[in-house]
Amino acid sequence: MNLHSVLQDIRYGVRVLLKNPGFSLAAIVTLALGIGVNAAIFSVVYGVLLRPLPYQHGDRLVVLHQEVPRTNAGDIPFSVHDIVDYRTNNKTLDDVVEHHTMNFLLLGPDSAERVNTAVVSANFFDVLGVKPVYGRTFVADDEKHDADAVLILSYQYWKSRFGGDPAIIGKIFQMNNRPHTVIGVLPNIPQYPVENDVYMPTSQCPTRASQRFKETRRFRMMTSFGRLKPGVSLEQAQADLATVGSQLEASYPDAYPKQYGYRMTVAALHQDLTKRAHTTFLVLLGAAGFVLLIACANVANLLLARLLKVERELAVRTALGASKGRLIRQLLTESMLLSLAGGAVGLALAPAAMALLVKFAERFTTRAAEVHLDAPVLIFTAVVSLATGILFGIAPAFSSSSNVAESIKQGAGRGTTNRGGQRLRSLLVVSQVAVSFVLLIGAGLMIRSFLKLEQVNPGFKPDHLLALRVSPNFTKYTQPAQFQTLADNILNRVGQVGGVESVAMASNFPFNPGAIAAGPNAATFEIEGKPVSKGEAAPLVATMVVSAKYFETIRQPILSGRDFTDHDDGKFPVAIINQTMRKHRWPNEDPVGRRVSFGPGQGNQPQVWLTIVGVVGDAKEYGLDRETRDELYTPLRQVGFGGNVIVRTSAEPMSVLTGVRAALKDVDSQLAVDRVNTIEGFQQDSVAAPRVTATLLGLFAALAMVISASGIAAVMALSVSQRTSELGIRMALGASRQSIIAMVVRQGLSMALIGTVLGIAGSLGLTRLMEKLLFATSPTDAVTFVLVSLVFVAVAVVACFIPARQVTSIDPLNALRQE
């Protein structure tokens, strides 16, 4: 083989494809859809799951987790003492850093902007190996108690808020009643563990810098991670840090109660950033791969059909001396040209799909910003295109007849059909059907799971509810009475806005995206008269602070007892619990009047006991798919302030937003208002991930079914055209057209049924991989299997019937004359 012959094959292949525009267009479009979908999905999978972290020594970065499995609390944050101990006593990490996020106000003369603020140790960016695009990062002196307050801006915040102005370095802003100087701007990298607007050192956070917080081991708020020393494995670090954890548990039993099952674990940062996305994106990539396989099978069938038209030409070329290998190479060249054209078109379609997938990925990981159509994706697309060309081209190429005389005879129209080619076409159709069925089952399970999720009763009425997060300038409000006055003013003023039926304030609200991400604010408690046995873990309850009329505003029913009133101001501490807590803690008695406590009093203060005054129905605070936990509500007047305003309106909720904002500004012009949405909007956002997953799988499955149906129709149409004489003779001998049509449909349907049976067998194994994505739905759900089977058989019947109707155009007399 030389370059001249290769170029000759390419030129000939191009001419052949141009002479058959209908065939070429059908093949290219089919392949473009399959390759385009795979390119888009792979770009996300590579950007999120496979791309190396954009940090120096990113493969050595690890996340530290403190787990207490016996409390069902999962991870617990780190205290200052925890971080110091792990930093000092470990032998496998270069360094250990800390991080927590707070919300502070950047204040202007008559305005306030709430910013997500990461509070980090001075070595934070050194461990990550991140260099600023402007200015500098933190140094040890920035963490000193009397150090000047400094800020580093994230790239996104710098761009959106200040237009990428390089002169931002040295600018001063007011935050926490202190001037803060901007000293640096970060590069455009994914932030860990969450996206933040600005960064400050630990000495500047009022909570983290307080002496009491630093001295109390049980005050936990931070996350922590570190960098492995060169040559140290993850397993070695795990053993080392577990040893340190055991020593802490033994030395400080009050801070690490043995009954909680405290343990330290370590995970690679790369895995921690993507753990929520892993299963979902691999399922989508597998589905996209199935679509491409189906497309390949369909194009292979098109090539086999076209091969019948050129069989005589190939036979003549063989008779004139062309070798079998030369002919195979020519046919493979044509298939490769088709696949490369399909890949080019698919690559052109991929960016539109990528834009949607990136928004989807943002719900799972901060790495979504790293998704690009770059070299690895282009290489992947090129490899897939070439492999696709070989895959669908090799079977037709090797199926060309080697019997010259027979081929010339068939080419002249004196034969019927190549039995081997017919069997191969049928096998391809069966394969298409089987793979399509697996996709349909996967989509059906996701759709059924999503429908069940949406049917879950949230436990309240989400319609006509508006939620806003409000943040005061905490330097103006330092006493509980000041916060109470502020809350009263907000409730009174917002309640006067036209269209507002009722208003409440709370520390949380159902489907709050921040609470869903962070999880419940759980605390240990004890029940009066029911002490915890020695060695037994104290029970946990999720806590919320709500104002009077909160339950009335969101329409969460009070099942027994009473609601909070304005008289519940802490002189007589009270609480309301949910139905789940009542079932767990007082299954056979009325909890109203019982008392609970959250621990002994501080210093010389007596232990505080809260009297339960009511029981409310369960509300899905943290997502429709989450199990309801024990929840306890305390009144706003008893605690101080709730950062969320919830408004029930008589009209469309957003129609009152302008009036509500104006009312809040009247109360305090420096109130920052953000995270504004209807509760129904928050609810829809909370199920966006399963909804998009179900939609994408549904689209893939629908595309696969259409391709498979067209494959069945094409094979049956070819079969009818090849059997014109046979079918005409049958009709001449007395067979009715209806019986012939039924016979043709049965033959096509038999392929579909065999493929369906194989698809069912494959689905039983493969769908178990989706188990983590399903809600209240078994991966072997009988209803889904039956419905999908019925739908697929119905589509197959239609696909067979359309070409079978060609029988009605057959003239029996012409068939007899040909014989």
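Residues numbered from 1 in each chain as written. Predicted model: local features only at pLDDT ≥ 70, side-chain atom pairs only at ≥ 80, totals over all residues. Heavy atoms only, no water.

Participant: How should I be thinking about the overall build of the protein in this particular structure?
Facilitator: The number of helices and strands found in the protein is 26 helices and 23 strands. For the C-alpha atoms alone, the extent of the protein along its principal axes is close to 110 × 60 × 55 Å. Within the span of the protein, comprising 819 residues, buried residues form 51% of the whole. Look at the contacts in the protein between residues 6 or more apart in sequence, and 81% of them connect residues 24 or more apart. (Helix = DSSP H or I, 4+ residues; strand = E, 2+ residues; numbered from the N terminus. Buried < 20%, exposed > 50% of the residue type's maximum accessible area, 1.4 Å probe, protein only. Contact = heavy atoms within 4.5 Å.)

Participant: Sorry, what's going on with the side chain of glutamate 370 here?
Facilitator: The topology assignment puts glutamate 370 in the loop between α11 (324-361) and α12 (375-399). Ignoring any residue separated from it by four or fewer positions in sequence, one finds glutamate 370 in contact with Gly47, Arg51, Pro52, Pro54 and Pro190.

Participant: How should I be thinking about the packing of helix α22 (residues 688-722) against helix α25 (residues 782-804) in this particular structure?
Facilitator: Two measures define how a pair of helices packs: the angle their axes make with one another and the distance between the axes. Put simply, α22 and α25 touch, their axes get as near as 8 Å, and they point 35 degrees apart. With respect to the hand of their crossing, α22 and α25 are arranged in right-handed fashion. Here α22 contributes Met705, Ser708, Ala709, Ile712, Ala713, Met716, Ala717 and Val720 to the contact with α25, which in turn contributes Val791, Phe792, Val795, Ala796, Ala799, Cys800 and Pro803. (Axes fitted to C-alpha atoms, helices over the stretch in contact; angles between N-to-C directions. Left-handed = near helix turned anticlockwise from the far one by under 90°.)

Participant: Looking at this model, I keep getting lost on the environment of isoleucine 172. Mind explaining?
Facilitator: By the secondary structure assignment, isoleucine 172 is in strand β7 (residues 172-175). According to the relative accessible area criterion, isoleucine 172 is exposed, its value standing at 55%. Taking C-alpha positions, isoleucine 172 is 36 Å from valine 656, a pair spaced 484 residues apart along the chain.

Participant: Just to check I follow, could you spell out a nonpolar patch on the surface for this structure?
Facilitator: Together, Leu3, Leu7, Ile10, Val14 and Leu18 line one region of the surface with nonpolar side chains, adding up to about 460 Å² of accessible area. Structurally, valine 14 is set in helix α1 (residues 3-19). (Patch = residues over 30% accessible without salt bridge, like charges linked within 9 Å, V, L, I, M, F, W, Y side chains within 5 Å. Areas by Shrake-Rupley, 256 points an atom, 1.4 Å probe, with all protein chains shown as cover. Salt bridge = Lys/Arg side-chain N within 4 Å of Asp/Glu carboxyl O.)

Participant: Just checking my understanding: could you explain the packing of aromatic side chains for this structure?
Facilitator: By convention here, two paired aromatic rings are described through the distance between centres and the angle between planes. Applying the stated criterion to the full structure yields 25 aromatic pairs. Their ring planes at 10 degrees and their centres at 3.9 Å tell us that phenylalanine 42 and phenylalanine 380 sit as a pair that is stacked. Pair noted here: phenylalanine 42 is in helix α2 (residues 21-50) and phenylalanine 380 is in helix α12, with a separation of 338 residues, a long-range link. The class for phenylalanine 380 is partly exposed, based on a relative accessible area of 22%. Pairing phenylalanine 213 with phenylalanine 219 gives two aromatic rings, centres 6.1 Å apart and planes at 35 degrees, and the pair type is tilted. (Phe/Tyr/Trp six-rings, centres within 6.5 Å; stacked < 30°, edge-to-face > 60°.)

Participant: Sorry if this is basic, but what is going on with the pairing of strand β16 (residues 540-546) here?
Facilitator: Working note: regular strand, side chains alternate between the two faces of the sheet. Counting buried positions over the seven residues of β16 gives seven, a clear majority of the element. In β16, alternate side chains face the same way, and those of Leu540, Ala542, Met544 and Val546 on one face and Val541, Thr543 and Val545 on the other are all buried. Pairing analysis gives three bridges linking strand β14 (residues 522-524) to β16, with the strands arranged antiparallel. Across the sheet, alanine 523 pairs through a bridge with valine 541, a residue of β16. In the sheet, β16 pairs with strand β21 (residues 631-635) via five bridges, with the strands oriented parallel. Bridged to valine 546 within β21 is proline 635. (Pairing = 2+ DSSP bridges.)

Participant: What exactly am I supposed to notice about the confidence of the model for the protein here?
Facilitator: In low-pLDDT regions, the fine details of the predicted coordinates are not to be read closely. Taken as a whole, the protein shows an average pLDDT of 87; of its residues, 92% reach a score of 70 or greater. Taken together, the stretch residues 401-405 has pLDDT below 50 and engages in six contacts with residues farther than four places along the chain or on a different chain. Below a pLDDT of 50 lies the segment residues 411-417, which in the model reaches 11 contacts outside its immediate sequence neighbourhood of four places, other chains included. (pLDDT = per-residue confidence, 0-100.)

Participant: What am I meant to see in the nonpolar core here?
Facilitator: Soluble globular proteins tend to bury their nonpolar side chains together. Membership of the largest hydrophobic core comes to 99 residues, with the highest contact counts inside it found for Phe281, Tyr550 and Ile712. For this core, the leading source of residues is α22, giving 15 residues. Beyond its immediate stretch of four places on either side in the chain, phenylalanine 281 contacts Val44, Val45, Val48, Leu49, Phe360, Ala361 and Phe364. (Core = buried A, V, L, I, M, F, W, Y, C linked by side-chain atoms within 4.5 Å.)

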